[in-house]
Amino acid sequence: MRSNSKILPVILAAILLLAASAIGYIKTSEKAQMPARILFQNNGGKVIFSHLVHHRDYQINCIQCHHEKGTDVMTVEDNKALDCGSCHPNEFNDEYINNHMDSFPNESYCVRCHHTEYEAIIFDHEEHKDYADDCYDCHHGKEIEPEPQKCANCHKGDDSGDLLSMRLAGHQSCTNCHEDMFDKGLSSCKSCHVQVDMTQYEGDFTSCNKCHESETRELVLPRMNAFHDQCMSCHEENEVGPYGPDNCNQCHITR
Ligand code: HEC
Ligand code: HEC
Ligand code: HEC
Ligand code: HEC
Ligand code: HEC
Ligand code: HEC
Ligand code: HEC
Ligand code: HEC
Ligand code: HEC
Ligand code: HEC
């Protein structure tokens, strides 16, 4: 067994060597998958961005800029990073909406925007019978509902015809007693709606404006603003590099 004490250092050295070469490999492959400079041709005058220098010398993590899956996941994989324009187009117009699904490597990127869906309603019908004076606090009288039944028998997904959508019919009816639940805006929706784990979700996506009152471009910045914001808020925060109204041509080469 004594010979082990001679072999051990050798094995250790070999492991160290392997580890060192692995680190070396990671470094070179990082460089290989990372363009050193990026040229943006655009209406403001072309911009040359020192990509590699920003990462290597200014020590900025990939995901700080490439935040395609949110902040907690390493996003730059398989030698790929998405164009910012995949998610920050000039406009969220029909062309974008019809084609955008094809610009992502796989479905895990979708949840960055299609980030929540509602499943069943949290509503205890039995208990509510006691809270109300009678069934007609919520159900229509006999002239509309011959007998109490599911609202969805008549109220549908959209405001079709004269009839309120299921959403408005439900909300309006619950509001009679639960106005407070709607007061807190989007953060209060989950008092009645079960939220779905989007990584498991397989249904259709609800459009943003069913839940959000703001337009999509106020939720997700359009292209130019996405670049300007990302580049300039970092510069401004750290008081480095070009930012502010007078320094346009430190990025844009006009002429
Ligand atoms: C300071 C911000 C920043 C950092 C840090 C950064 N990138 Fe980028 N990267 C960009 C921008 C901006 C683009 C251009 C995207 C576009 O054209 O829409 C880009 C483009 C790329 C592209 C090319 C994408 C394409 O369209 O082909 C790759 C690959 C890439 N980055 C990888 C990386 C990797 C890997 C790291 C970390 C080692 C990294 N980047 C760090 C901002 C950054
Ligand atoms: C997979 C989609 C996706 C990609 C790719 C993407 N973004 Fe975003 N980005 C979003 C979404 C969604 C938001 C909305 C705010 C949120 O969810 O935090 C956002 C927000 C932003 C914001 C607002 C501030 C912030 O960080 O929350 C800036 C600036 C931004 N993105 C710039 C960029 C730039 C520059 C790139 C390319 C390097 C990029 N984004 C790539 C989806 C994406
Ligand atoms: C607080 C409001 C409220 C009160 C009070 C109420 N209901 Fe309902 N009821 C509803 C809602 C909302 C639905 C639809 C639930 C759904 O679709 O999941 C419903 C559904 C029903 C259904 C259809 C159930 C099914 O699964 O097909 C029946 C039957 C019904 N109610 C009977 C009654 C009767 C009888 C009373 C009075 C004793 C009553 N309800 C009181 C709100 C109420
Ligand atoms: C048999 C069809 C039918 C069913 C079932 C039904 N509704 Fe309606 N609902 C109507 C009609 C028709 C109107 C329009 C009444 C009017 O204009 O006076 C209406 C109107 C409404 C309105 C608008 C305000 C009002 O009272 O006129 C609300 C809110 C509403 N329904 C909620 C509900 C809820 C909640 C349920 C289930 C508990 C439900 N409805 C079930 C047919 C139905
Ligand atoms: C007639 C009045 C009335 C109506 C209409 C009504 N509720 Fe309620 N609801 C109550 C009362 C009273 C309670 C129990 C006290 C409390 O928790 O606020 C309650 C409790 C609840 C709770 C549990 C709250 C908690 O904090 O645990 C939920 C969820 C809820 N209701 C959902 C609904 C939904 C969804 C509707 C519409 C379909 C609705 N309610 C319509 C009176 C009503
Ligand atoms: C007091 C309970 C309650 C609250 C709070 C609430 N909802 Fe609802 N919501 C309902 C009911 C009841 C329905 C209709 C029943 C159904 O769709 O099964 C509904 C339906 C909807 C629908 C339509 C779903 C479909 O399948 O057509 C949307 C979208 C929706 N709600 C969005 C929201 C948003 C966004 C918020 C927060 C701002 C919110 N809700 C808060 C009770 C509530
Ligand atoms: C940058 C945000 C963003 C990302 C990432 C994104 N989507 Fe969308 N998607 C939208 C917007 C905005 C709409 C327009 C409808 C709306 O208002 O919700 C939409 C609509 C859709 C629609 C409905 C199209 C129609 O014709 O009504 C489908 C289906 C869809 N997206 C699938 C996907 C899939 C699959 C992915 C991932 C591979 C994805 N989306 C990634 C923002 C995004
Ligand atoms: C089913 C409802 C629902 C749908 C559909 C939905 N959202 Fe949201 N969204 C929410 C809720 C709820 C929050 C607040 C989350 C919280 O505070 O916990 C939110 C928050 C956000 C935020 C964070 C900033 C803010 O305004 O609070 C962005 C950005 C966002 N959503 C973008 C989108 C985009 C883009 C779409 C469409 C592709 C979309 N959402 C579709 C419910 C929805
Ligand atoms: C997360 C922070 C961060 C982001 C995002 C960022 N920068 Fe920088 N930038 C820096 C830092 C740090 C410096 C170094 C300034 C110094 O050392 O004087 C710098 C310097 C620069 C300079 C001058 C020196 C050089 O390297 O060229 C330019 C031009 C520049 N950035 C352009 C951009 C552009 C274009 C973008 C967006 C595509 C961007 N930056 C995004 C942090 C950032
Ligand atoms: C930190 C670097 C930086 C600074 C400073 C900067 N920009 Fe930009 N600008 C960019 C980048 C990166 C783009 C995106 C290029 C693209 O879309 O491919 C851009 C895009 C633009 C566009 C093109 C819009 C389009 O539709 O093609 C205009 C116009 C513009 N900037 C104007 C300005 C003005 C005016 C200022 C000064 C107030 C300014 N920029 C400051 C980096 C910068």
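Our structure is the block above this text.
These numbers were taken from a predicted model, which means no experiment stands behind them. (Residues numbered from 1 in each chain as written. Chains lettered and ligands numbered in written order. Predicted model: local features only at pLDDT ≥ 70, side-chain atom pairs only at ≥ 80, totals over all residues. Heavy atoms only, no water.)

**Some thoughts on the pattern of salt bridges**
A pair can form between side chains of opposite charge whenever their charged atoms are brought close. Using the criterion set out here, one finds three salt bridges in the structure. Across the salt bridge formed by Arg217 and Glu91, the nearest N and O atoms sit 3.4 Å from each other. Of this pair, Arg217 sits in helix H8 (residues 216-219) while Glu91 sits in the loop between helix H3 (62-65) and helix H4 (94-99); the two residues are 126 residues apart in sequence, bridging distant segments of the chain. We classify Arg217 as partly exposed; its relative accessible area is 35%. Lys129 is the partner of Glu126 in a salt bridge, and the nearest nitrogen-oxygen pair spans 3.0 Å. With a gap of three residues between them, Glu126 and Lys129 both fall in helix H5 (residues 125-131), about one helical turn apart. Classification of Lys129 as partly exposed rests on a relative accessible area of 48%. (Salt bridge = Lys/Arg side-chain N within 4 Å of Asp/Glu carboxyl O. Helix = DSSP H or I, 4+ residues; strand = E, 2+ residues; numbered from the N terminus. Buried < 20%, exposed > 50% of the residue type's maximum accessible area, 1.4 Å probe, protein only.)

**Topic: the coordination of the iron atom of ligand 6**
Distances from the iron atom of ligand 6 to its protein donors, His171 (NE2) and His193 (NE2), fall at 2.0 Å. Coordination geometry of the iron atom of ligand 6: the six donor atoms subtend angles of 88 to 180 degrees at the metal centre, consistent with an arrangement described as octahedral. One end of the pair, His171, is in helix H6 (residues 166-182); the other, His193, is in strand E4 (residues 193-195), with 22 residues separating them in the sequence. (Donors = N, O, S within 2.8 Å, 3.2 Å for Na, K, Ca; no water. Tetrahedral: all angles 85-135°; square planar, octahedral: opposite > 155°, others 65-115°.)

**A short note on the site of ligand 2**
Inspection of the region around ligand 2 gives 17 residues, with His67, Cys84, Cys87, His88 and Arg112 positioned closest. With respect to ligand 2, the side chain of His88 contributes an N or O atom lying 2.7 Å from a nitrogen atom. One of the side-chain nitrogen or oxygen atoms of Arg112 is found 2.8 Å away from an oxygen atom of ligand 2. (Near = heavy atom within 4 Å. Polar contact = N/O pair within 3.5 Å; in protein donor to acceptor, adjacent residues only side chain to side chain.)

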